[in-house]
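The chain contents come next:
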Amino acid sequence: MHGPARVEAICIGKTFGPVRALEGVNLTVPSGTFHAIVGENGAGKSTLAKCLLGFYRPDEGEVRLDGVPVSTPAEARRAGLGMVFQHFTLAPSLTVAENLVLARTDLPAILNWKKEKERLRTFLEHAPFQINLEDRVEHLAAGQKQKVEILKQLYLETRVLILDEPTSVLTPAEADEVMTVLNALVRKEALSVILITHKLREVMAFADDVTVLRRGRWVASCSVGSTSIPEISSLMVGNAPLREQSARTDMTAGGAVLEIQNLSVLGDHGLPAVKDLSLTLKAGEILGIAGVSGNGQRELVQAIGGQRDIASGEVRVAGKPFHGTRADIRECGVFTLPEEPLQNATVPGMSVAQNIALRTFDQAPTAKLGFLLDRGAIRRAATAAVERFSIRTPSIDTPIRNLSGGNVQRAVLARDLGARPPKIMVVANPCFGLDFAATGFVHNQLVELRNGGGSVLLVSEDLDELMKIADRIVVMSDGRIAHESTRAELDLAVVGRYMGGHE
Amino acid sequence: MTSEQNFEGVAIPVIAIGTALLLFSLFCAGVGASPGGVLASIYTAGFGSWYAWQNSLLRAAPLMLCGLATALPAQAGVITVGNEGAFVVGGLAAAAAGLATTSGPPLLCLAAMFLAGAVVGGAWIMLAAGLQYYRGVNAVISSLLLNYIGIALLLQLVEGPMRDPDSLNFPATFPLPLSHQLGRIPGTRIHYGLVFGVVACLLGWFLLERTVWGMKLKIAGGNARAAKLVGLPLGRIVLTAGFLGGACAGLAGMVEVAAIHGRASQAISAGYGYVGILVAFLSRQSPLRILVVSLILGAVLASGGSLQRTHDLPDATINVFEGLAFLSILASEALAGRLGFLTALFKPVSTEVADAKL
């Protein structure tokens with residue numbers, strides 16, 4: 001079986017506990033087309049994809065490939081459904097060739113590498129792009145890795161390729177390249193593509209049709225030619241009231257509050273990740289750090305937050321060395337919020353209420369007589385935070401690991417920006433996984449912190465976000481600051497080049 | 001602690017014990033004894049009479065303390081199995097302190113033994129916890145090896161410098177005068193070690209669930225990265241938890257010396273430390289559950305002799321049961337987070353959101 005296939009999802013319903021993730025969702029992707037699924041976070045896009053692939057069994061409805069029902073991952077694989085995830089699923093220490101061969105499900109017990117490589121070379125002759133089979137995956141750039149993922153699916157003779165936010169880890173140029181390849185594959189009638197994304201620009205440029213989901217329900221499907229970005233956006237949001245954007249008050253930034261001096265930090269493998277980096281954050285400004293992930297931003301944030309040892313250099317707050325101890329954090333008012341908060345900023349097995357109390361539980365009113373824990377006070381504070389930050393949780397006693405990513409993000413933001421906001425907030429990708437309304441909410445909180453004279457160091461992979469709220473933007477590349485510009489003089493093309501490490 | 005964890009905390013040990021009982025029954029049938037009869041004997045020997053109850057409680061006392069020895073560091077994220085070693089060095093230190101203060105009043109002597117046992121036992125496990133935190137040495141391995149060192153140290157000292165020349169075939173230290181030993185709870189054969197055990201469990205629960213320090217400890221154990229992020233002194237927390245755990249085991253050793261043997265000898269290493277590991281895991285590291293589980297395992301230990309007498313089974317049969325229980329509990333850890341279907345049975349509407357992406 002080769003060539004593209006037709007996919008139908010008929011009246012799919014899926015429930016998790018009390019949450020209706022999908023309800024009566026229909027999707028038809030004619031053979032050999034490029035179909036985009038858009039929707040806010042929590043709209044059910046990923047759940048739908050997992051239903052298509054058989055990872056989730058829908059409570060209602062049916063998935064068909066060329067008219068044949070598909071209900072388990074094995075059936076989906078046999079029928080030719082394949083998926084590319086947002087994060088790479090390649091083994092970094094192996095070569096491209098090894099990754100491609102090991103992805104096969106029908107491998108013999110003993111590999112004849114000579115034969116396998118012969119087969120790979122024949123396959124590559126007809127591939128849409130070339131890549132060196134002997135390169136180790138860890139030495140490839142992000143865009144190339146994503147291309148290897150696509151190559152892998154072609155090698156597995158996938159007929160319908162589902163991609164879940166495949167470009168979120170790529171630079172704009174890399175993203176366009178990958179999208180162009182996908183588009184060409186569809187045009188050559190090599191496969192059908194289902195693209196899950198929130199980048200409407202990509203949808204308009206590369207897809208044939210688009211389906212909009214909202215809160216687990218199908219809203220609209222149409223051809224891309226007959227719609228527009230504003231129309232799709234309004235369909236995604238529905239009539240949910242958008243928050244008023246906090247006005248950025250004009251203010252001149254004050255003196256330096258956070259100084260990073262010649263900081264070097266080692267990464268997970270003991271290699272330098274942050275290299276002799278110096279940076280100054282002033283009072284009353286939002287300083288954005290742009291860059292493709294993996295250029296030392298994670299290690300920088302961890303070093304400031306006390307989660308990673310500093311190899312050399314220093315972090316100073318208000319002129320004094322800052323070591324991230326509880327006393328330092330409290331006196332200087334510096335909160336750090338790394339990305340992937342469930343793993344990095346919460347205790348997954350503890351309740352939502354306890355996690356919200358993580359910064360304050362040892363102070364009055366939650367601490368009585370200095371050592372007794374007032375669980376009532378913890379619960380009251382949590383109830384207020386859940387209300388104010390619209391955290392969707394069955395109860396404040398639910399372990400936080402049971403919450404969706406967006407709601408974990410809200411919970412940690414409620415903790416850090418809630419009752420006792422800091423003077424300095426160091427935050428990485430705070431809106432990753434949040435919907436429009438919540439993103440606006442977070443941006444407002446950060447802008448208000450700034451308007452009140454506070455400072456924000458905002459590490460983000462989302463240039464739009466930085467352009468929207470940052471006063472100053474620096475680009476981080478290969479562990480160093482590669483470029484700096486103010487909000488007014490920002491040139492996207494230049495920033496993009498620095499992000500790609502081309503200058 | 002959330003309701004889901006509470007539910008699992010009960011359901012998983014019950015499933016594990018059930019499985020262990022089933023396997024044990026097969027074993028009994030295999031060696032020609034009636035499984036029902038054996039289980040009935042265990043029950044009678046453990047809880048059949050006031051006499052039996054006292055036997056069980058006597059054995060439960062050291063188990064409570066030894067259970068805490070694994071549970072407290074485990075709550076801070078350090079798994080240790082050095083209970084037997086801490087028990088032995090605690091007992092040894094208590095004997096030394098007791099013998100040094102026999103000239104004083106009994107209460108002072110006992111207080112010195114109490115302190116010496118707790119401090120030395122605490123330092124023992126703190127060493128393993130510190131090696132893991134500061135040097136990356138796996139605390140399971142280091143504390144396991146410390147057990148051998150502790151027992152070797154005991155043998156070395158009671159056969160050498162601390163030996164009472166009158167202890168001929170069975171080397172031991174000089175005995176403590178009867179007046180300076182730990183007495184019995186009036187009207188029973190049970191020594192005050194049981195009070196230590198119960199109080200320690202209740203204190204442990206209070207510390208973990210109701211104090212700021214307990215919350216710090218659980219944050220450190222739940223996610224070290226989050227603990228660092230909010231500026232908690234991870235090293236100090238881990239060392240303190242190790243010390244408190246070890247202090248409990250050392251205290252159990254002190255009780256063994258001060259209430260049972262009246263002196264330190266090889267006999268104090270009777271395996272309570274090892275069974276304490278089982279107690280901690282069966283209790284899922286919760287001090288309150290340790291109270292209950294210790295009583296059950298105390299009864300099982302108490303029934304060893306009875307099995308020998310009535311079913312002609314070897315004394316070690318009970319060890320088979322312990323081993324099976326340990327295997328089952330370790331295997332049942334895999335059930336954590338997967339009991340949603342059971343929760344659904346008991347609660348019409350599950351509160352779990354699973355991995356629904358909202």
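Just so you know, the residues in each chain are numbered from 1, in the order the chain's sequence is written. Here chains are named by letter from A upward and ligands by number from 1 upward, in the order in which they appear as written. It should be noted that, the model being predicted, local features are given only for residues of pLDDT at least 70 and side-chain atom pairs only at 80 or more, the latter also being counted only at that level, while totals for whole chains, interfaces and linings use all residues. Note that water and hydrogens are dropped before the side-chain values are worked out from all heavy atoms of the structure.

**Examining the overall build of chain A**
So, point 1. For chain A, the count of helices and strands is 17 helices and 22 strands.
So, point 2. Every radius of gyration here is taken over C-alpha atoms, with the globule rule written as 2.2 Å times N^0.38, N being the number of residues. Relative to its length of 503 residues, chain A is compact, with a C-alpha radius of gyration of 24 Å against a globular reference of 23 Å.
So, point 3. Considered along the principal axes of its C-alpha atoms, chain A spans approximately 70 × 50 × 50 Å.
So, point 4. Of the roughly 21100 Å² of accessible surface on chain A, a fraction of 52% belongs to carbon and sulfur atoms.
So, point 5. Taking the average place of the 55 positive charges on the side chains of chain A and the average place of its 58 negative ones, the gap between the two points comes to 5 Å. Only DSSP runs of H or I covering at least 4 residues are called helices, and only runs of E covering at least 2 are called strands; the numbering of each starts at the N terminus. Here the open area of atoms and residues is found with the Shrake-Rupley method and a 1.4 Å probe, where only the protein chains shown may cover a residue. Note on charges: Lys and Arg go in the positive column, Asp and Glu in the negative column, and His and the chain ends are not counted at all. Every charge is mapped to an atom, namely NZ of Lys, CZ of Arg, CG of Asp or CD of Glu.

**Some words on the overall build of chain B**
So, point 1. Secondary structure summary: chain B contains 15 helices and 0 strands in total.
So, point 2. The C-alpha atoms of chain B give a radius of gyration of 21 Å, which matches the 21 Å a tight globule of 358 residues would have.
So, point 3. In this scheme, a residue with accessible area under 20% of its type's maximum is buried, one over 50% is exposed, and one in between is partly exposed, where area comes from a 1.4 Å probe on protein chains only. Burial statistics for chain B: of 358 residues in total, 54% are counted as buried.
So, point 4. Throughout, a residue-residue contact means that at least one pair of heavy atoms, one from each residue, lies within 4.5 Å. In chain B, the share of contacts with a sequence separation of at least 24, taken over all contacts with a separation of at least 6, comes to 75%.
So, point 5. Here chain B displays about 14700 Å² of accessible surface, and carbon together with sulfur accounts for 68% of that area.
So, point 6. In chain B, 18 side chains carry a positive charge and 14 a negative one; their mean positions are 10 Å apart.

**Some points on the sheet that holds strand E19 (residues 424–428) of chain A**
Residue and element names in this part refer to chain A.
So, point 1. Strand pairing is assigned whenever DSSP detects at least two bridges linking the two strands. Taken together, 6 strands build an open sheet; the order of strands is E16-E19-E20-E13-E21-E22 and the sheet is mixed. Every interior strand has two partners, whereas the edge strands, strand E16 (334–337) and strand E22 (480–486), have only one. This sheet shows a mean twist of 15 degrees between the axes of neighbouring strands, independent of strand direction. Think of each axis as a best-fit line through the C-alpha atoms, taken over the contacting stretch in the case of a helix, with angles from 0 to 180 degrees between the N-to-C directions.

**Quick look at the packing of helix H7 (residues 193–210) of chain B against helix H10 (residues 234–261) of chain B**
Two measures define how a pair of helices packs: the angle their axes make with one another and the distance between the axes.
Residues and elements named next belong to chain B.
So, point 1. Their axes nearest at 10 Å, the elements H7 and H10 cross at an angle of 170 degrees. With respect to H10, the element H7 is oriented roughly antiparallel. Facing Gly193, Phe196 and Leu207 of H7, the residues of H10 in contact are Leu244, Leu251, Met254 and Val255.
So, point 2. As a working rule, the residues Ala, Val, Leu, Ile, Met, Phe, Trp, Tyr, Cys and Pro are called nonpolar, Asp, Glu, Lys and Arg charged, and the rest polar, with Gly in that last group. Considered class by class, the residues forming the contact of H7 with H10 number 6 nonpolar, 1 polar and no charged. Roughly parallel here means an angle under 35 degrees, roughly antiparallel means over 145, roughly perpendicular means 65 to 115, and every remaining angle is called oblique.

**With respect to the pairing of E19(A)**
All names here are of chain A.
So, point 1. Counting buried residues in E19 gives 5 out of 5 residues, a clear majority hidden from the surface.
So, point 2. Alignment of E16 against E19, held across 4 bridges, turns out to be parallel. Across the sheet, threonine 336 pairs through a bridge with valine 426, a residue of E19.
So, point 3. Bridging between E19 and strand E20 (residues 455–459) involves 5 bridges; their strand directions are parallel. The residue of E20 that forms the bridge with alanine 428 is valine 459.

**Description of the domain arrangement of chain A**
So, point 1. Once the domains are mapped, chain A shows domain 1 (7–237) and domain 2 (256–499).
So, point 2. Domain start and stop positions are those given by an automatic or database domain assignment. Taken over C-alpha atoms, the centre of domain 1 of chain A sits 32 Å from the centre of domain 2 of chain A.

**Looking at the sheet that holds strand E14 (residues 312–317) of chain A**
So, point 1. Taking strand neighbours across the sheet as the criterion, the 4 strands line up as E12-E11-E14-E15 (chain A) in an open arrangement whose pairing is antiparallel. Every other strand in the sheet has two partners, leaving strand E12 (272–282) and strand E15 (320–321) of chain A as the edge strands with one partner each.

**Digging into the side chain of Glu8(A)**
Residue and element names in this part refer to chain A.
So, point 1. Mapped onto the fold, glutamate 8 is located in strand E1 (residues 7–16).
So, point 2. Overall, glutamate 8 belongs to the buried group, its relative accessible area being 17%.
So, point 3. When neighbours within four sequence positions are excluded, glutamate 8 is seen to be in contact with Leu27, Thr28, Glu62, Val63, Arg64 and Gly67.

**Thoughts on the packing of aromatic side chains**
Two aromatic rings are characterised by how far apart their centres lie and by the angle between their planes.
So, point 1. To pair, rings of Phe, Tyr and Trp, with the six-membered ring standing in for Trp, must have centres within 6.5 Å; the planes then decide the type, stacked if under 30 degrees apart, edge-to-face if over 60, and tilted in the middle. Applying the stated criterion across every chain, the model contains 10 aromatic pairs over all chains.
So, point 2. The interplanar angle of 90 degrees and the centroid separation of 4.9 Å between the aromatic rings of Phe389(A) and Phe441(A) together place this pair among those described as edge-to-face. Of this pair, Phe389(A) sits in the loop between helix H13 (375–388) and helix H14 (405–417) while Phe441(A) sits in helix H15 (residues 436–451), and the two are 52 residues apart along the sequence. As far as the burial class goes, Phe389(A) and Phe441(A) line up, both buried.
So, point 3. The structure contains a cluster of three or more aromatic residues connected by ring pairs, namely Phe24(B), Phe27(B) and Phe321(B).
So, point 4. Two conditions define a charge located above a ring, namely a distance within 6 Å from the ring centre to NZ of Lys or CZ of Arg, and an angle within 35 degrees of the ring normal. Lying over the aromatic face of Phe335(A), Arg359(A) brings its terminal NZ or CZ to 4.1 Å of the ring centre.
So, point 5. The cationic tip of Arg189(B) hangs over the ring face of Tyr51(B); the distance from NZ or CZ to the ring centre is 4.3 Å.

**Topic: the packing of helix H3 (residues 50–75) of chain B against helix H11 (residues 272–282) of chain B**
Residues and elements named next belong to chain B.
So, point 1. H11 packs onto H3 with a crossing angle of 65 degrees between their chain directions and a minimal axis gap of 7 Å. Our classification of the angle between H3 and H11 gives roughly perpendicular. The handedness of the crossing between H3 and H11 comes out as right-handed. On H11, the residues that touch Arg59, Pro62, Leu63, Cys66, Gly67, Thr70 and Ala71 of H3 are Tyr272, Gly273, Val275, Gly276, Ile277, Val279, Ala280 and Phe281.
So, point 2. Counted by class, the contact of H3 with H11 contains 10 nonpolar, 4 polar and 1 charged residues. Handedness of each helix crossing follows the sense of rotation of the near helix against the far helix: counterclockwise by less than a right angle gives left-handed, clockwise gives right-handed.

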